[in-house]
Amino acid sequence: MPAIVSSAPAKIILFGEHAVVYSQPAIAVPVNTLRAKAVVTPDLEAGAGTVHIFAPGIDLDAKLDDLPQEHPLALAIRLVFSYLGITDPPAIRIRISSSIPIAAGMGSGAAVAVAVIRATAGFFNQKIPVKRVSELAYEVEVVHHGTPSGIDNTVIAYEKPIYYQRGRPMQVLQVALPFSVVIGDSGVISPTVKAVGDVRNAWTEQPGLYEALFEQVGEIVQLARGVIESGEPARLGALMDENHALLQQIGVSSPELDHLVEIARQAGALGAKLSGAGRGGNMIALVTPENAQDVAHALMENGAARVVHTEIRQPGTGDDSLEG
Ligand code: PMV
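Each chain has its residues counted from 1, running along the sequence as written. Note on the predicted model: pLDDT of at least 70 is required for a residue's local features to be given, and 80 or more for side-chain atom pairs to be given and counted; whole-chain, interface and lining totals, by contrast, use all residues. As a rule here, side-chain values come from all non-hydrogen atoms in the structure, and water together with hydrogens is ignored.

Caption draft 1: Main features of the site of the ligand. Within the structure, the ligand sits among 16 residues, and K11, H18, S149, D152 and A277 are positioned closest to it. Interatomic distance of 2.5 Å between a side-chain N/O atom of K11 and an oxygen atom of the ligand. A total of 380 Å² of accessible area belongs to the ligand in isolation, and the protein chains cover 98% of it. Space inside and on the surface of the protein is sampled on a 1 Å grid over the protein atoms alone, with a cavity defined as a set of points where a 1.4 Å probe fits but cannot get out and a pocket as an open set with protein on both sides within 12 Å along at least 5 of 7 lines; lining residues have an atom within 4 Å of a point. Grid points define the cavity or pocket, and a molecule sits in it when more than half of its atoms lie within 2 Å of them. In this structure, the ligand is accommodated by the largest pocket. Throughout this document, a residue counts as near a molecule or strand when at least one of its heavy atoms sits within 4 Å of that molecule or strand. Polar contacts, as used here, are pairs of N or O atoms within 3.5 Å; protein pairs need one atom able to donate a hydrogen and one able to accept it. Residues neighboring in sequence count only if both atoms are side-chain atoms. Values of accessible area rely on a 1.4 Å probe in the Shrake-Rupley scheme; residue burial ignores everything except the protein chains shown.

So, in structure tokens, the structure goes:
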């Protein structure tokens, strides 16, 4: 049996993080140059039923049976076996690698889950429909996040710009005119589960205030959708600034993120905001072809651990991402 390889992209949230957990809409896009990859091969040396998982990036070299039930990789594999009705798998080896930074708001957990799910199913000559892949990855996300909105697994499984609202069918966003963002990594590790949990505590203590903040974020998302679909992406800059201010009030920014956001604006970005769970991880800045290099350079000079330039365009219209 040949090796089966599958990969899945990183993602960024353009608008609406955190509020999306509370049923407001959000907009997310794939970042295709950063990817998680899973390779499944037959293991000719091991006894039947041995599933060996090898993920050097996280120092994992273990057998499936030795991992706890809630281990995200073990869970992804068990979910596929159960979905496909596989009770006695042959001996296989699953090797996982990823260029997506971990705990940085780029969906690394969901991307690994999607890649593992597809590669494992592929090994058994099965192609799981994208909606089911997304649902299975969501079950893995629950272990990572606690109360995930479902946006990560959806955008990563579909690999398209999406408008997402919890409990509603996902909508593919029509990108009338391509636009570019520079993604700046603060280098600060920030587990999503912690930021989401803190917001939940704050919301429990001050429900009125937080509901109002989430609604304001939701209004920005609606406006951003209109702007993207009508081909006036320059207007997204001011909306990013407004969304960032609301995320500061929600309590998920950090001095490092605020600093990088400010640096990007000073370097000519049309707007900037944190992206993802916040506290650390990434920020994004809306750039033009003329100022993209300046913004990327300014971010690197002022503390960004890494910068990626990505173009957002209608799916299927060419390579959409450039690493810088
Ligand atoms: O982008 P990440 O993986 O850091 O996820 C954060 C998105 C949140 O809205 C904060 C949580 C969620 O489940 O949508």
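Caption draft 2: Geometry of the environment of A304. Note on conventions: DSSP H or I runs of at least 4 residues are helices, E runs of at least 2 residues are strands, and numbering of each starts at the N terminus. On the secondary structure map, A304 appears in the loop between helix 9 (292–301) and strand 11 (306–312). Taking the C-alpha atoms as reference, A304 lies 9.6 Å from V188; in sequence the two are 116 residues apart. Setting aside chain neighbours within four positions, we find A304 in contact with D185, L260 and L299. Here, two residues are considered to be in contact whenever any of their heavy atoms come within 4.5 Å of each other.

Caption draft 3: Structural detail: the packing of aromatic side chains. Working definition: rings of Phe, Tyr and Trp (its six-membered ring) pair if their centres are within 6.5 Å, and the pair is stacked with planes under 30 degrees apart, edge-to-face with planes over 60 apart, and tilted otherwise. In this structure the tally under the stated criterion is 5 aromatic pairs. Between the aromatic rings of Y22 and F214, the centroid separation amounts to 4.4 Å while the plane-to-plane angle is 15 degrees, which identifies the pairing as stacked. In this pair, Y22 is assigned in the loop between strand 1 (4–15) and strand 2 (26–42) and F214 in helix 6 (residues 207–229), connecting sequence segments 192 residues apart. Note on classification: 1.4 Å probe, protein chains only; a residue is buried when its accessible area is under 20% of the maximum for its type, exposed when over 50%, partly exposed between these limits. Judged by its relative accessible area of 0%, F214 is buried. Ring geometry for Y210 against F214: centres 6.0 Å apart, planes inclined by 65 degrees, an arrangement best described as edge-to-face. Highlighted residues: Y210 and F214, both in helix 6, separated by 4 residues, approximately one helical turn. Residue classification places Y210 among the buried positions, given a relative accessible area of 6%. We call a charge positioned above a ring when the Lys NZ or Arg CZ atom is no farther than 6 Å from the ring centre and deviates by at most 35 degrees from the ring normal. The positively charged end of R93 is found above the aromatic ring belonging to F54, 5.3 Å away from the centroid. Seen from the ring of Y163, R225 lies directly overhead, with NZ or CZ sitting 4.2 Å from the centre.

Caption draft 4: View of the packing of helix 2 (residues 108–123) against helix 3 (residues 130–145). Axis lines are fitted to C-alpha atoms, over the contacting stretch for helices. Their N-to-C directions set the angle, which ranges from 0 to 180 degrees. In the contact formed by helix 2 and helix 3, the axes pass within 9 Å of each other and the chain directions differ by 130 degrees. Relative to helix 3, helix 2 is oriented oblique. Seen along the crossing, helix 2 lies across helix 3 with a hand that is right-handed. Taken together, the residues of helix 3 that come into contact with helix 2 (itself represented by G109, A110, A113, V114, I117 and R118) are V130, V133, L136, A137, V140, E141 and H144. Here the term charged refers only to Asp, Glu, Lys and Arg, the term nonpolar to Ala, Val, Leu, Ile, Met, Phe, Trp, Tyr, Cys and Pro, and the term polar to all other amino acids, Gly among them. Counted by class, the contact of helix 2 with helix 3 contains 9 nonpolar, 2 polar and 2 charged residues. Our angle categories are set so that under 35 degrees counts as roughly parallel, over 145 as roughly antiparallel, 65 to 115 as roughly perpendicular, and the remainder as oblique. Handedness of a crossing is defined here by the sense of rotation of the near helix relative to the far one, left-handed for an anticlockwise turn of less than a right angle and right-handed for a clockwise turn.

Caption draft 5: Seen up close, the layout of surface pockets. Grid points are joined across faces, edges and corners, and a volume is the space filled by probe spheres set on the points. For the largest pocket, the calculated volume is near 800 Å³. Together, 46 residues line the largest pocket, and G107, S108, G109, A110 and H144 are the ones closest to its centre. Of all the elements in the fold, those that place two or more residues in the lining of the largest pocket are strand 1, helix 1 (72–84), strand 5 (92–98), helix 2, helix 3, helix 4 (151–158) and helix 5 (192–205). For the lining of the largest pocket, a count of residues per class yields 25 nonpolar, 17 polar and 4 charged. Each pocket or cavity is described by its volume, and for the second largest pocket that value is around 290 Å³. Along its surface, the second largest pocket is lined by 15 residues, and S134, E135, T154, Y164 and R168 are the ones closest to its centre. Contributing elements (two or more residues each) for the lining of the second largest pocket: helix 3 and helix 4.

Caption draft 6: Representation of the pattern of salt bridges in the model. Within this document, salt bridges are pairs made up of a side-chain nitrogen of Lys or Arg and a carboxyl oxygen of Asp or Glu, the two lying within 4 Å of each other. Scanning the entire structure with this criterion turns up 12 salt bridges. For K273, the salt bridge identified is with E17, shortest N-O distance 2.9 Å. Linking K273 in strand 9 (residues 271–275) with E17 in the loop between strand 1 and strand 2, this pair joins segments that are 256 residues apart in sequence. Taken individually, K273 and E17 each receive the classification buried, so the pair is uniform in this respect. R225 is the partner of E229 in a salt bridge, and the nearest nitrogen-oxygen pair spans 3.5 Å. Taken together, the positions of E229 and R225, both in helix 6 and 4 residues apart, correspond to about one turn of that helix. The exposure class assigned to E229 is partly exposed, which follows from its relative accessible area of 31%. When its relative accessible area of 18% is taken as the criterion, R225 is described as buried. The network of salt bridges with common partners includes K131, R132 and E135.

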